[in-house]
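# Architecture at a glance
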Amino acid sequence: MSHWIGIISLFPEIFGPFLNAGVLGRGIKKGIIGVDLWNPRDYTDEPRRSVDDKPYGGGPGMVLKAQPLGDAIKAAKSDKGEDCHVIYLSPQGRQLTQNMLHQFLDKERIILVSGRYEGVDERLIESSVDEEISMGDYVLSGGEVPAMAFLDGLSRLVPGVVGDDISVENDSFSNGLLEYPQYTRPTIWDGKPVPDILTTGDHKKIDEWRKTQALGRSFERRPDLFGNKRLTEEEKRLFEKYLEISKQERTDR
Ligand SMILES: C[S@@+](CC[C@H](N)C(=O)[O-])C[C@H]1O[C@@H](n2cnc3c(N)ncnc32)[C@H](O)[C@@H]1O
């Protein structure tokens, strides 16, 4: 197994079908990715198995206690090694990007901690968490969906998980741009034809068209991304072509 992810969650049952489906399910079955789950409720020292309590200082909601989470992390580490990288999924963390996922490939064993309620006792983060990662500037009810997103995004980068490695290399963000538009059969659907070039079989021209499309849509949709991209000489030429075509299209309208 090349990569292992441990998930600490109060709702491990949510992960069942997800771990069996699609490319991730295949990666797990092939033994390329390993996933194990720990429920902090199994580690609470409270007689009623409670894992949360009221916030000190008052205020709404409940806070996840440090002890059961800390002991679940210890259990995961004692199984898999003290050098596991521990990530707390949190709206207050660094926002996840495709580049960061590539960097996480260096870590062979990662533990993802899913919070719930108002979050977790800050002392647990200080003592047991290496970093906090966010899925974006919005708040979800729990860290399980972020853990699934992280696991899915990371595992498709692990060689052998996605059948064709080229498809991962062409994905949006992998080369600093959005991907080109995709089409499949039939050639005409709802009165709309597939762009002619794609049915010519001329792979050089198709490749140029796709690169031009990727440049154009990144420029239109994600100027932030496009602004950070260092264009090669070929890309500069194709982007000029894209600008000319779109200018012509605007005049024709
Ligand atoms: C309702 S949220 C707690 C939010 C917290 N009170 C705050 O305002 O920062 C409960 C849990 O969901 C998870 N969560 C919510 N939004 C998230 C996001 N954008 N990224 C990653 N995890 C998130 C975290 O694990 C968090 O502990």
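Residues numbered from 1 in each chain as written. Predicted model: local features only at pLDDT ≥ 70, side-chain atom pairs only at ≥ 80, totals over all residues. Heavy atoms only, no water.

Next up on the list: the site of the ligand. Taken together, 21 residues surround the ligand, and among them Tyr88, Leu89, Gln92, Gly115 and Tyr138 come closest. With respect to the ligand, the backbone of Glu118 contributes an N or O atom lying 3.0 Å from a nitrogen atom. Here a nitrogen atom of the ligand and a backbone polar atom of Tyr138 are 2.8 Å apart. Within the complex, 85% of the 580 Å² of free accessible area of the ligand lies under protein. Secondary structure elements with two or more residues in the shell around the ligand: strand E5 (85–95) and strand E7 (131–134). (Near = heavy atom within 4 Å. Polar contact = N/O pair within 3.5 Å; in protein donor to acceptor, adjacent residues only side chain to side chain. Areas by Shrake-Rupley, 256 points an atom, 1.4 Å probe, with all protein chains shown as cover. Helix = DSSP H or I, 4+ residues; strand = E, 2+ residues; numbered from the N terminus.)

Where helix H8 (residues 203–221) meets helix H10 (residues 233–252), the closest approach of the two axes is 9 Å, and the angle between their N-to-C directions is 70°. The pairing of H8 with H10 is recorded here as roughly perpendicular in orientation. When H8 is examined against H10, the residues Glu208, Lys211, Thr212, Leu215, Gly216, Phe219 and Glu220 are found in contact with a partner set consisting of Glu234, Glu235, Arg237, Leu238, Phe239, Lys241, Tyr242 and Leu243. Broken down by class, the residue content of the contact of H8 with H10 amounts to six nonpolar, two polar and seven charged. (Axes fitted to C-alpha atoms, helices over the stretch in contact; angles between N-to-C directions. Parallel < 35°, antiparallel > 145°, perpendicular 65-115°, else oblique. Contact = heavy atoms within 4.5 Å. Nonpolar A, V, L, I, M, F, W, Y, C, P; charged D, E, K, R; others polar.)

Quick look at the environment of Phe239 now. Relative to the assigned elements, Phe239 resides in helix H10. We classify Phe239 as buried; its relative accessible area is 10%. Put simply, Phe239 and Ala214 are 25 residues apart on the chain and 9.4 Å apart in space, counted from C-alpha to C-alpha. When residues no more than four places from it in sequence are discounted, the contact partners of Phe239 are Leu215, Phe219, Phe226 and Leu231. (Buried < 20%, exposed > 50% of the residue type's maximum accessible area, 1.4 Å probe, protein only.)

Moving on to the domain arrangement of the chain. What the domain assignment reports for the chain is domain 1 (3–155) and domain 2 (172–252). The C-alpha-based centres of domain 1 and domain 2 are spaced at 38 Å. (Domains from an automatic or database assignment.)

Scanning the model with the defined rule gives six aromatic pairs in all. Relative to Phe226, the ring of Phe219 lies with its centre 5.4 Å away and its plane at 70°, an arrangement referred to as edge-to-face. Judged by relative accessible area, which is 12%, Phe226 ranks as buried. Between the aromatic rings of Phe239 and Tyr242, the centroid separation amounts to 6.1 Å while the plane-to-plane angle is 15°, which identifies the pairing as stacked. Within this pair, Phe239 and its partner Tyr242 are both found in helix H10, separated by three residues, close to a single helical turn. Note on Tyr242: relative accessible area 14%, which makes it buried. Taken together, the ring pairs connect Phe219, Phe226, Phe239 and Tyr242 into an aromatic cluster. (Phe/Tyr/Trp six-rings, centres within 6.5 Å; stacked < 30°, edge-to-face > 60°.)

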